[in-house]
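# Coordinates in review
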Amino acid sequence: MSNVRKVNAEPSSTVAVSAEKRVILSMGGKGGVGKTSVIAALAEWFDLNQIPVKLLDLDTENKARGSLTHFFGGRVPKVNIHTPAGLDAFVDHLADGPRAILADMGAGSGQVTHDWFEKMYPDVAETGIVFTTIGVVTPDPASVESVLAWAKRLQCRVRYLIVENSVAEHSDFTYWRKSQQASQFQEMFKPAVIRMDYRLADLENGARQYGVTLGDIAARKTDAPELQKASLVMRAQSYRRRMFAEFDRVREVLLP
């Protein structure tokens, strides 16, 4: 990928406005890096803090397991932004309801999102809506390249939150932390950075299989016997507590 390119935004997109709403989007680039896990945990963080939030599932793959809709059911409308009607529906969702919106993007949604920002961002920004994009990086350089590709298109029109997802007990984030392109991105856009601890496969896979969140497991709200083990319940409580502490550190990019 070429170096991250900074574009001078139009005056209408740089004028400071009072933030009426914050839309938080997961970067729908490389699949399987943990985007939905982050968004699900963030939804629980909003609920714990009694902050009203609207959840949107923009993953058009319609997965039966592991989607945001799978975890939160009818609370989450599914929007296909790959159609003109779906894009209009997305804009309509921005116009009403809570001041915080969480939108989980599916893999491969980069182009349609980038095109939408090019066409709609100036008008949406003038209404007081601000954006945060969540990029999840793993030791795999492809996950970092995906974040850089999104930043090259979105530029300074959004705030960036990067989640270092430890997919193994001893994850090596050298490419994200030391490569020239990633360093340029960090210097230019000053992203907020948090960490997501490695989760045992039994816990992560079980949560996806049964469509339950860490909060459900921690509070023993699931009937799945394998998720009622004391060890997994305590691990869910610990993971959740540490993840929430990370969100607390970066509240300024999560709240309106």
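Check the entry above for the structure.
Everything in this summary refers to the structure shown in the same document. Throughout, a residue's number is its position along its own chain's written sequence, starting from 1. Only residues with pLDDT of at least 70 are given local features in this predicted model, and only at 80 or more are side-chain atom pairs given and counted; all residues enter the totals for whole chains, interfaces and linings. As a convention, hydrogens and water are excluded, and side-chain values are obtained from all of the structure's heavy atoms.

## Some words on the overall build of the chain
In plain terms, the rule: Counting from the N terminus, the helices are DSSP H or I runs at least four residues long and the strands are E runs at least two residues long. Accessibility here uses a 1.4 Å probe with only protein chains present; expressed as a share of the type maximum, an area under 20% marks a residue as buried, one over 50% as exposed, and anything in between as partly exposed. Whether two residues touch is decided by their heavy atoms; if any such pair falls within 4.5 Å, the residues are in contact. Every accessible area reported is derived by Shrake-Rupley at a probe size of 1.4 Å, with residue values counting cover from the shown protein chains alone.
Along its length, the chain carries 11 helices and 6 strands. A buried classification covers 50% of the 256 residues belonging to the chain. Put simply, of all contacts in the chain between residues at least 6 apart along the chain, 76% involve residues at least 24 apart. With an accessible surface of roughly 11800 Å², the chain has 50% of that area assigned to carbon and sulfur atoms.

## Notes on helix α6 (residues 141-154)
Going by this rule: Expected span of a helix, by definition, is 1.5 Å for each gap between consecutive residues, and there is one gap fewer than residues. Polar contacts here mean pairs of N or O atoms no more than 3.5 Å apart (in protein, one a potential hydrogen donor and the other a potential acceptor; neighbouring residues in sequence count only if both atoms are side-chain atoms).
With 14 residues, α6 should reach 20 Å at 1.5 Å per residue; the first-to-last C-alpha distance of 20 Å fits that figure. Residues of α6 that are buried include every one of S143, V144, S146, V147, L148, W150, A151 and L154, and no others. As for α6, its buried residues are in contact with β1 (21-26), α5 (110-126), β4 (129-137), β5 (159-165), α7 (174-178) and α8 (180-189). Between a side-chain oxygen at the N-terminus of α6 and the backbone nitrogen of A142 the separation is 3.0 Å; the capping residue is D140. Once α6 finishes, Q155 follows within two positions and takes phi at roughly 55°, a positive value.

## With respect to the side chain of E164
If you trace the backbone, E164 turns up in strand β5. Setting aside chain neighbours within four positions, we find E164 in contact with V137, F173, W176, R177, V193, I194, R195 and M196.

## Considering unusual backbone geometry
Phi angles above zero are rare outside glycine, and Q155 is one such case at about 55°. The phi dihedral of K190 is positive, around 50°, even though this residue is not glycine. Following the sequence through the fold, K190 ends up in the loop between α8 and β6 (192-196).

## Considering the pairing of strand β2 (residues 53-58)
Definition in use: A pair of strands is treated as paired once DSSP finds two or more bridges between them.
Among the 6 residues in β2, 6 count as buried, and that is most of the element. Side-chain alternation along β2 places V53, L55 and D57 on one buried face and K54, L56 and L58 on a second face that is also buried. With 6 bridges connecting them, β2 and strand β3 (residues 100-105) associate as parallel partners. Paired with K54 across the two strands is I101, which belongs to β3.

## Details of the sheet that holds β2
Cut-off, in case you're wondering: Every axis in this analysis is a line fitted to C-alpha atoms, fitted for helices over the stretch in contact. Angles between the N-to-C directions lie between 0 and 180 degrees.
With respect to topology, 6 strands assemble into an open sheet ordered β2-β3-β1-β4-β5-β6, the strand pairing being parallel. The open sheet has two free edges, formed respectively by β2 and β6, since each of these has just one partner strand. Neighbour-to-neighbour, the strand axes of the sheet open up by a mean angle of 20°, direction not taken into account. Where β1 meets β4, 6 bridges bridge the pair, whose relative direction is parallel. When the bridges of β4 are listed, K21 appears paired with I129.

## Looking at the pattern of salt bridges
What counts, and what does not: Whenever Lys or Arg places a side-chain nitrogen within 4 Å of a carboxyl oxygen from Asp or Glu, that contact is recorded as a salt bridge.
The tally for this structure, following the rule as stated, stands at 12 salt bridges. K78 is the salt-bridge partner of D57, the closest N and O atoms lying 3.0 Å from each other. One end of the pair, D57, is in strand β2; the other, K78, is in the loop between α3 (68-72) and α4 (84-95), with 21 residues separating them in the sequence. Look at K78 and you get partly exposed, because its relative accessible area is 35%.

## Concerning the packing of aromatic side chains
What counts, and what does not: In this analysis, rings of Phe, Tyr and Trp, with Trp reduced to its six-membered ring, are considered paired at centre separations within 6.5 Å, and the interplanar angle assigns stacked below 30 degrees, edge-to-face beyond 60, and tilted for intermediate values. Charges are assigned to positions over rings by a cutoff of 6 Å between ring centre and Lys NZ or Arg CZ, combined with an angular limit of 35 degrees from the ring normal.
Throughout the structure, instances matching the rule amount to 13 aromatic pairs. Relative to F189, the ring of Y160 lies with its centre 5.2 Å away and its plane at 50°, an arrangement referred to as tilted. Taken together, the positions of Y160 in strand β5 and F189 in helix α8 put the pair 29 residues apart, joining distant regions of the chain. With relative accessibility at 13%, the residue F189 sits in the buried group. With a centroid separation of 6.5 Å and 35° between ring planes, the pair formed by F244 and F247 is classed as tilted. Here F244 pairs with F247, and both are found in helix α11 (residues 230-249), just 3 residues apart, close to one helical turn. Side by side, F244 and F247 carry an identical accessibility label, which is buried. An aromatic cluster of three or more residues is present, and its members are F90, W116, F117, Y121 and F131. The lysine or arginine in question, R157, covers the ring of Y121, its NZ or CZ lying 6.0 Å from the ring centre.

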